[in-house]
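Structural overview
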Amino acid sequence: MINIIVSVINMEKIIQFGEGNFLRAFAEEYIQELGEKVVVCQPRKNDKIINKLKTQNCEYDIIKRGRLNGKVINERVHITCVSRAINSVTEQKNIEELFCSKDLEYVISNTTEAGITFCDKDNEGDYTNISFPGKIAYLLNKRQKSNCKPLIFLPAELIENNGPELKSCVLCYGELWGYGKDFSDYVEKNHFCSTLVDRIVTGHIDGDEDPCSVACEPYRNLVIEADEYAESKLPKRDTITYTKSLQRYRERKVKILNGGHTSTVLAALMDRHDIVRDTVQDEAYDKFMSQCFGEIRQTIDMDENELTDFINAVKERFDNPYIDHKLSDISLNSVAKFKTRVLPSILEYKKVKGEYPKRLMFSFAALIAFYSHCGTLRNYTVRDDEKVTDFFTNKDNIVERALANTEFWGTDLSTDKIFVSEISAMYNDISEHKIRKAIETVINE
């Protein structure tokens, strides 16, 4: 029996820091398809999910529901690829042993956007309480002393350059804890890939018979920025893209997927819509969104077929019959979201075309109208920082004042009088004729 257990452990090539819904619905499906095993541990103290997994032999279901390539999908995938769940608080020794195994090749992580951070107050001897990069530095130091080969890191945290950022933090901990040049040289030999992950994961469905089941959309996409060695060791799938630079893929996702939401959500809320699906099933908003995508794609340097496929997939995902994605949730902090998701497309379009994009400009006017409760067909509460909402309580000269607010946009947009004039005209149209009439006018111009 002991030999069998050792044999199973020796087949474990992957360790995963992150037991949450996203990785269990995303990474584990890939791992199972490849016929590999993964060991899962939690990066923080919370061991609720780890303990649940242990009670059911680390098996659970992924529930995939939504539209994919024109078909409605509603299926369960039984996950059996998790060989062990290790409690980071009570079983630190098991993690160290696995990390120093000669069979280990890959490290996957998702520790939230705040997980990849360096804290100079972290104590090397306090493994439970140090940051995730601190844990990796501690473990890599042990692995280096065990003369084990370098690893391939696949961080899935939603920050730019997540691979190099993780590596940088690890090196900082090595310096903080006096690990020396041998350690830093060893860290440089590891492969810290950057990734961009995309799948909507809604979590556990209340009442489902499997306590660890997790629901998600059928769509999935993984883009990996890897060197030649790492790429040669990683799987090939039609939903996995390898690139030398993630920038254009990140730009595509932010501008089209996120920007598609941000450019339509506020007008739709003012027009008495409550969820994304109802919005895209409204002919006027479906047309408006398509026109926004048409303007956005002019600002992205990417193959036209790739852009078309991505836009079609996004529209299909927005029409998911199983996900009631609330517009009020998407509207949270819309000023900050507009700055990063939509404004860059407006400004880049002007550079490329010599004029401003009419539909994206309308979405800007709708944002100002939404925050100032102007032209709406319903009552609602604006969900944003109090300083932002207070700004819009004074409606005097609101368009020019809003555009001039450098705290909102990082620049004074009111210096361009054409910009101000076009936004003002659209804002006045929303104010005079209400949002529904105004959007019907702009989509037919």
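Residues numbered from 1 in each chain as written. Predicted model: local features only at pLDDT ≥ 70, side-chain atom pairs only at ≥ 80, totals over all residues. Heavy atoms only, no water.

Some thoughts on the overall build of the protein chain
Secondary structure assignment for the protein chain yields 20 helices and 13 strands. Against the compact-globule benchmark of 22 Å for 445 residues, the protein chain has a radius of gyration of 24 Å, which places it among compact chains. Counting over 445 residues, the protein chain shows a buried share of 54%. Considering only residue pairs separated by 6 or more positions, the protein chain has 73% of its internal contacts joining residues 24 or more positions apart. Carbon and sulfur atoms make up 47% of the accessible area of the protein chain, which totals about 19,900 Å². (Helix = DSSP H or I, 4+ residues; strand = E, 2+ residues; numbered from the N terminus. Rg over C-alpha atoms; globule rule 2.2 N^0.38 Å. Buried < 20%, exposed > 50% of the residue type's maximum accessible area, 1.4 Å probe, protein only. Contact = heavy atoms within 4.5 Å. Areas by Shrake-Rupley, 256 points an atom, 1.4 Å probe, with all protein chains shown as cover.)

A short note on the sheet that holds strand β7 (residues 152–155)
A sheet is described by the order of its strands in space; here six strands give the open sequence β5-β2-β1-β6-β7-β8, paired in parallel fashion. Looking at the sheet topology across the chains shown, the edges are occupied by β5 (82–86) and β8 (191–192). Direction of pairing for strand β2 (residues 38–41) relative to β5: parallel, over a ladder of four bridges. Within β5, the residue paired with Val 39 across the bridge is Arg 84. Sitting on the sheet, helix α4 (residues 92–99) is in contact with β1 (14–17), β2, β5, β6 (106–109) and β7, with an inclination near 135° to β1. Along the sheet, helix α5 (residues 132–145) makes contact with β1, β6, β7 and β8, crossing β1 at roughly 150°. (Pairing = 2+ DSSP bridges. Axes fitted to C-alpha atoms, helices over the stretch in contact; angles between N-to-C directions.)

Notes on helix α9 (residues 247–270)
Compared with an ideal rise of 1.5 Å per residue, which puts 24 residues at 34 Å, α9 spans 34 Å between its outermost C-alpha atoms and is within 8% of the ideal. Among the 24 residues of α9, 20 are classified as buried, and the element is accordingly described as predominantly covered. (Expected span 1.5 Å × (residues − 1).)

Regarding the side chain of Asp 210
If you trace the backbone, Asp 210 turns up in the loop between β10 (201–203) and β11 (214–216). Of the side chains bearing the opposite charge, Arg 76 lies closest to the buried Asp 210, which forms no salt bridge; the N-O distance is 4.9 Å. A distance of 2.9 Å separates the side chain of Asp 210 from the side chain of Gln 56, its partner in a polar contact. The contact partners of Asp 210, leaving out residues within four places of it in the chain, are Gln 56, Tyr 60, Asp 61, Arg 76 and His 204. (Lys, Arg positive; Asp, Glu negative; His and termini not counted. Salt bridge = Lys/Arg side-chain N within 4 Å of Asp/Glu carboxyl O. Polar contact = N/O pair within 3.5 Å; in protein donor to acceptor, adjacent residues only side chain to side chain.)

Regarding the packing of aromatic side chains
All chains considered together, the criterion is met by 22 aromatic pairs. On the numbers, 5.0 Å between centres and 20° between planes, the contact of Phe 22 with Phe 26 is stacked. Linking Phe 22 with Phe 26, this pair stays in helix α2 (residues 21–33), spanning four residues, or about one helical turn. Owing to a relative accessible area of 18%, Phe 22 belongs among the buried residues under this scheme. For Phe 26, a relative accessible area of 3% corresponds to the buried category. (Phe/Tyr/Trp six-rings, centres within 6.5 Å; stacked < 30°, edge-to-face > 60°.)

Considerations on unusual backbone geometry
Residues other than glycine seldom take positive phi values, yet Arg 272 does so here, at roughly 75°. Position of Arg 272 relative to the elements: it lies in the loop between α9 and α10 (276–280). In this model, Asn 397 sits at a positive phi of 50°, which is unusual for a non-glycine residue. Examined against the element boundaries, Asn 397 turns out to sit in the loop between α17 (386–391) and α18 (398–403).

A closer look at the pattern of salt bridges
With the rule as written, the count across this model stands at 32 salt bridges. One salt bridge connects Glu 29 with Arg 220, and the closest N-O pair in it is separated by 3.7 Å. Of the two residues, Glu 29 sits in helix α2 while Arg 220 sits in the loop between β11 and β12 (221–225), which places them 191 residues apart along the sequence. When its relative accessible area of 5% is taken as the criterion, Glu 29 is described as buried. By relative accessible area, Arg 220 is classed as buried at 13%. Residues Glu 295 and Arg 359 are paired through a salt bridge, measuring 4.0 Å at the closest nitrogen-oxygen approach. Linking Glu 295 in helix α11 (residues 283–296) with Arg 359 in helix α16 (residues 358–371), this pair joins segments that are 64 residues apart in sequence. In this structure, Glu 295 and Arg 359 share a single accessibility class: buried. Residues joined by salt bridges that share partners form a network here, namely Glu 29, Glu 33, Lys 64, Glu 75, Arg 199, Arg 220 and Arg 237.

So, helix α12 (residues 304–318)
For the α-helix, the turn length of 3.6 residues means that residues three or four positions removed from each other point alike. The end-to-end C-alpha separation of α12 is 21 Å, in line with the 21 Å expected for 15 residues at 1.5 Å each. Buried within α12 we find Leu 307, Phe 310, Ile 311, Ala 313, Val 314, Glu 316, Arg 317 and Phe 318. Looking at the packing, one finds that the buried side of α12 touches β3 (60–68), β4 (71–79), β9 (194–198), α9, α10 and α11. By the N-cap criterion, in which a side-chain oxygen at the helix start approaches the backbone nitrogen of a residue two or three places on, α12 is capped by Asp 303, the distance to Asn 305 being 3.0 Å.

Brief notes about the nonpolar core
In terms of nonpolar packing, the biggest core is built from 73 residues, with Phe 362, Phe 364, Ile 368 and Phe 392 touching the most fellow members. Other than its neighbours up to four places away in sequence, Phe 392 contacts Val 335, Ile 368, Tyr 371, Ser 372, Ile 398, Ala 402 and Phe 408. Formed by 37 residues, the second largest nonpolar core is a distinct cluster that contains Val 38, Ile 50, Ile 62 and Leu 154. (Core = buried A, V, L, I, M, F, W, Y, C linked by side-chain atoms within 4.5 Å.)

Concerning the sheet that holds strand β13 (residues 240–243)
Overall, mixed pairing links the three strands, which are arranged β9-β12-β13 in an open sheet. What marks the edges here is a single partner per strand, and that holds for β9 and β13. Averaged over all pairs of adjacent strands, the angle between their axes in this sheet comes to 15°, without regard to strand direction.

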